[in-house]
Structure formats: C-alpha cells, structure tokens
Amino acid sequence: MKTGFKIAAGALAAAGLWAGGSYAAVKAGMAGTFGRTKMLKYSTDRTYAEYEALYPGRYTRKPVQISSGDETLQGYIYSLAEMSGDPKGLIIFSHGVFSGQEYYVSGILNMVDRGYYVLGFDNTGCCESTGKNSKGLPQGPIDLSNVLDYVECNRELSDLPRFLFGHSWGGYSVCAVLNFDYHVDGVVSVSGFTNPVDVTQEMGVSMFGQVVRATRPMILLENKKLFGKLAELSAIDGINRSDVPVLIMHGVGDDYVKYNGSGIINHKDEITNPNVEFMPLDYPLRNGHGDFFMSEEAKVYVDAFQEKLKGPVKEYHVKGYWDLPDEVKAEYYRDVDKNISSQVNIEFFDTVDRFYSSIDVSKREKAEEE
C-alpha cells in the first residue's frame, strides 16, 4: 500500500510540475506573441504618405481617436477628396496580428476608389494605438465593438450602410463581434479562425509538435485570466446569431490559420446562418495566408526581393530580415519598385465589392422602422 501510495503521490507531483511548467510556458508564449506591434518602417508596399505624394488631392484621411477600456485606439477615415455621389457604404477594417491598419493601405485605398468610406484602426497595443501590449486574441472583437459604438454615435457615419472587413485576427474579430448584437449590413472575413483557444493550440502544434495539444487547458486558463467569459468567444456563434450576410474567404494553402484546421471555412457544417457564402482562394501563386491581396506580378516580385534578403540575413546571423540593422534594411528597401510591389489583386477586391453591393440594406432600414 505504501509503495502504491508513493508511486501515486510521485505521479501526482510529476503531473503538477508538468502542468505548472506547461502553464508557465503558455503564459510566457502568449505574452511574447502579444507584445507591442511597431509602426512599419520598411515595406515593399506603399505607405499612405507615399500614395498622397503620388496622387496629390485624391484622398482624404481624417484621424479619429476611439476609447477602448483604458486605451485609445488610433483610427483613420479614408475617402475620396471629391465624390460624384453618396458613398456606397462604410467599411470598418480590422487588421491581423503583428500589423496595423496601414499595413493594408493599398487594399484600403482600392475600396475607397470604388466609392466606399473606410475606417481603419489599430488594435490595442498596435502601431499608433496606446497599450503596452495587445493582450490576446479576444481583444480584437473588444476593440472592434468600441469602434462600432463610435460609429453608431457619429452623425456622418451612422446612417451609411455598415460593412465589416477583417483579415486573420480581424477575420475572427468581424465574426465574433456579431455576438454583441450590433447592427451590421454585411461581413467579409478573410483567413479568419473559429476561436482563440483552437488557433493558439494549432499554431503551437505547428511550431512544437503534438505535445502542445496537452496544454489546451492552460491556454484556456490564461485566456480566462485575461478576458473572463470572453476567453472562448466564438466566430461561429457570432455568425449564427443573426442572418447578417457573411462572405468567408480563405487561402487553400494557408499554413498559418489552417484551411483544414481552425479556419472558419473548415467549420461550414456548424454554420446555420442561411446568408453565408464560402470562397476558397486559389489564385495562381497566391493561396496562402494573405498573398492573395497582391497581383501575381507583385507576388513574384516580392518573393524575389525576399529571396535577395536571405544573403544579409545569413551574413548578419539573424533569424529574419526584420532583425537586420536599420542601415542594411534601408539600403535594400531603397531600390524596391513599389509600382510593382504595391499592385493589388483586382479580382479579389472585385469579389468583395460585388458582395457588399449585392446586399439589400433596405431590409435593415425597414426592420429598424418597425
């Protein structure tokens, strides 16, 4: 009996040490992942300032500050300086992890050229917004809900057809925020995932192997410590909560948010909203996590440029080009032909525009009148 008791006690102690170590690893990993995201200094894509210089007087960008808890989100309302008629609607843009709204400025301005207002904003702890870190994945829909509150109280914006567009973290956020019963006319979710716990585990498995599956309770625990009841806020539940039209787009070769894993598109059998469309993305050379935003020519050019950067990465013994000294990056990025590298995938944005344009926003207006 004593021997059996000792073995059991030892096993429990070992399990406790393993669990404690695993939780510490999960906590450290999440803290490292969701640190502050800096403004983009070097890029193959044009910045808004570069577009402004290239097309003087074409666009306007109005800065707005939006409260989100104790933090302040920096946002911008993009529009054409001169419009021939009323805007087609307001697109609220939600960005991905390790980025901010200006990382997507070429796509944003493409939609502006089509007659939309676009409100892009940086999440908590990202780029121009305040916050020592971005906290975790549930912070995305929290920040987006505060942006929707702002829009509903803004006379210039509140009466416009209201569309959401999100990529990756944003693709999750634009669906998860529907759990909060906001008025939204249509949603485009690109490369979005089902919930924070599933995708965190999936990425951990990709990086460290199957052993990470055993840490799921720790992942959930850390999210609950940070976000309480919102720890498992589900994109699927948000989609099913109403009959809002939703377009789910996802690259078939996505190795970040897996097409056949945590991607929303892989859970279509769980979706009961009758107004949801699914679109697998498989453009020539572009079916990954976000390369489909680019034209084929831009993709080939950027791939070649990144291949060129492998030389200095090896020379300076760093993990990636982002760790290269500033003077080295400046030298390489100086020669980028942004007439090529900033080209967007017109077919992709045509699809988004057609989807928004197909939505009968008068149904919502009649429902509100009743």
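The model shown is predicted, which means the values in this text are computed figures rather than measured ones.

About the cut-offs
- Residues numbered from 1 in each chain as written.
- Predicted model: local features only at pLDDT ≥ 70, side-chain atom pairs only at ≥ 80, totals over all residues.
- Heavy atoms only, no water.
- Helix = DSSP H or I, 4+ residues; strand = E, 2+ residues; numbered from the N terminus.
- Buried < 20%, exposed > 50% of the residue type's maximum accessible area, 1.4 Å probe, protein only.
- Contact = heavy atoms within 4.5 Å.
- Areas by Shrake-Rupley, 256 points an atom, 1.4 Å probe, with all protein chains shown as cover.
- Lys, Arg positive; Asp, Glu negative; His and termini not counted.
- Charge placed at Lys NZ, Arg CZ, Asp CG, Glu CD.
- Pairing = 2+ DSSP bridges.
- Axes fitted to C-alpha atoms, helices over the stretch in contact; angles between N-to-C directions.
- Core = buried A, V, L, I, M, F, W, Y, C linked by side-chain atoms within 4.5 Å.
- Arc of directions from axis to C-beta.
- Phe/Tyr/Trp six-rings, centres within 6.5 Å; stacked < 30°, edge-to-face > 60°.
- Lys NZ or Arg CZ within 6 Å of the ring centre and 35° of its normal.
- Salt bridge = Lys/Arg side-chain N within 4 Å of Asp/Glu carboxyl O.
- Polar contact = N/O pair within 3.5 Å; in protein donor to acceptor, adjacent residues only side chain to side chain.
- Expected span 1.5 Å × (residues − 1).

J.: Describe the overall build of the protein, listing the residues and the values that go with them.
T.: Tallying secondary structure elements over the protein gives 13 helices and eight strands in all. Within the protein, buried positions represent 53% of all 370 residues. Once local pairs closer than 6 in sequence are excluded, the contacts in the protein between residues at least 24 apart make up 73%. With an accessible surface of roughly 17900 Å², the protein has 53% of that area assigned to carbon and sulfur atoms. One way to put it: in the protein the 37 positive side-chain charges average out to a point 8 Å from where the 50 negative ones average out.

J.: Could you give an account of the sheet that holds strand S2 (residues 71–80), naming the residues involved and the relevant values?
T.: Read from one edge to the other, the open sheet built from eight strands follows the order S1-S2-S4-S3-S5-S6-S7-S8, with strand pairing classed as mixed. In this open sheet, the two strands that pair with only one neighbour each are strand S1 (59–68) and strand S8 (276–281). Neighbouring strand axes in the sheet, compared pairwise and without regard to direction, differ in orientation by 20° on average. Sheet analysis places strand S7 (residues 246–251) next to S8, joined by six bridges and oriented parallel. Bridging across to S8, His250 finds its partner in Pro280.

J.: Which residues make up the nonpolar core, and what values go with them?
T.: Ile92, Leu164, Cys175 and Val187 are the most contacted members of the largest nonpolar core, which has 53 residues in total. Discounting residues that sit within four places of it in the chain, Leu164 has contacts with Ile92, Leu144, Leu148, Val174, Val177, Val184, Gly186, Val187, Val188 and Tyr356. Tyr48, Tyr59, Tyr78 and Phe349 belong to the second-largest nonpolar core, a separate cluster that totals 34 residues.

J.: Provide a residue-level description of helix H10 (residues 326–333), including the pertinent values.
T.: Of the residues making up H10, those classed as buried are Val328, Lys329 and Tyr333. Seen along its axis, H10 keeps its buried residues to an arc of 120°; they face one direction. Buried residues along H10 sit in contact with helix H9 (296–315).

J.: How would you summarise the packing of aromatic side chains if you had to cite specific residues and measurements?
T.: In total, this model carries 19 aromatic pairs according to the counting rule given. Measuring from ring centre to ring centre gives 5.3 Å for Phe293 and Phe348, while their planes differ by 85°; the resulting arrangement is edge-to-face. Of this pair, Phe293 sits in the loop between S8 and H9 while Phe348 sits in helix H12 (residues 346–357), and the two are 55 residues apart along the sequence. Across the pair, Phe348 and Phe293 agree in class, each one buried. Taken together, Phe93, Tyr104, Phe165, Phe292, Phe293, Phe348 and Phe349 form an aromatic cluster joined through their ring pairs. The ring centre of Phe278 lies 5.0 Å from the NZ or CZ of Lys268, which sits over that ring.

J.: So what about the pattern of salt bridges? Which residues, and what values?
T.: Per the counting criterion, the structure on display carries 15 salt bridges. Residue Glu50 is joined to Lys338 by a salt bridge in which the shortest nitrogen-to-oxygen separation is 3.1 Å. Of the two residues, Glu50 sits in helix H2 (residues 48–54) while Lys338 sits in helix H11 (residues 338–341), which places them 288 residues apart along the sequence. On the basis of relative accessible area, Glu50 is assigned to the partly exposed category, the value being 31%. On the basis of relative accessible area, Lys338 is assigned to the buried category, the value being 16%. For the salt bridge of Glu156 with Lys62, the shortest nitrogen-to-oxygen distance reads 3.6 Å. Highlighted residues: Glu156 in the loop between helix H4 (139–152) and strand S5 (162–167) and Lys62 in strand S1, separated in sequence by 94 residues. Linked by salt bridges that have partners in common, Lys88, Arg114, Asp350 and Asp353 make up one network.

J.: Tell me about unusual backbone geometry, and please be specific about residues and values.
T.: Even without being glycine, Asp181 reaches a positive phi, approximately 65°. With a phi angle near 55°, His317 is a residue other than glycine that sits in the positive phi range. Locating His317 in the fold gives a position in the loop between H9 and H10. The exposure class assigned to His317 is exposed, which follows from its relative accessible area of 72%.

J.: Please give an account of the side chain of Asn179 that cites residues and values.
T.: By secondary structure assignment, the location of Asn179 is in the loop between helix H5 (169–176) and strand S6 (186–190). Given a relative accessible area of 14%, Asn179 falls into the buried group. Here Ser234 takes part through its backbone oxygen, which lies 2.9 Å from a polar atom of the side chain of Asn179. Leave out the neighbours within four places in its chain, and Asn179 touches Leu233, Ser234, Asp237, Gly238 and Arg241.

J.: A description of helix H7 (residues 216–227) should follow, citing residues and the corresponding values.
T.: Look at H7: 16 Å from first C-alpha to last across 12 residues, which is about the 16 Å you get at 1.5 Å a residue. Gly228 occupies a position one or two residues after H7 and carries a positive phi of about 60°.

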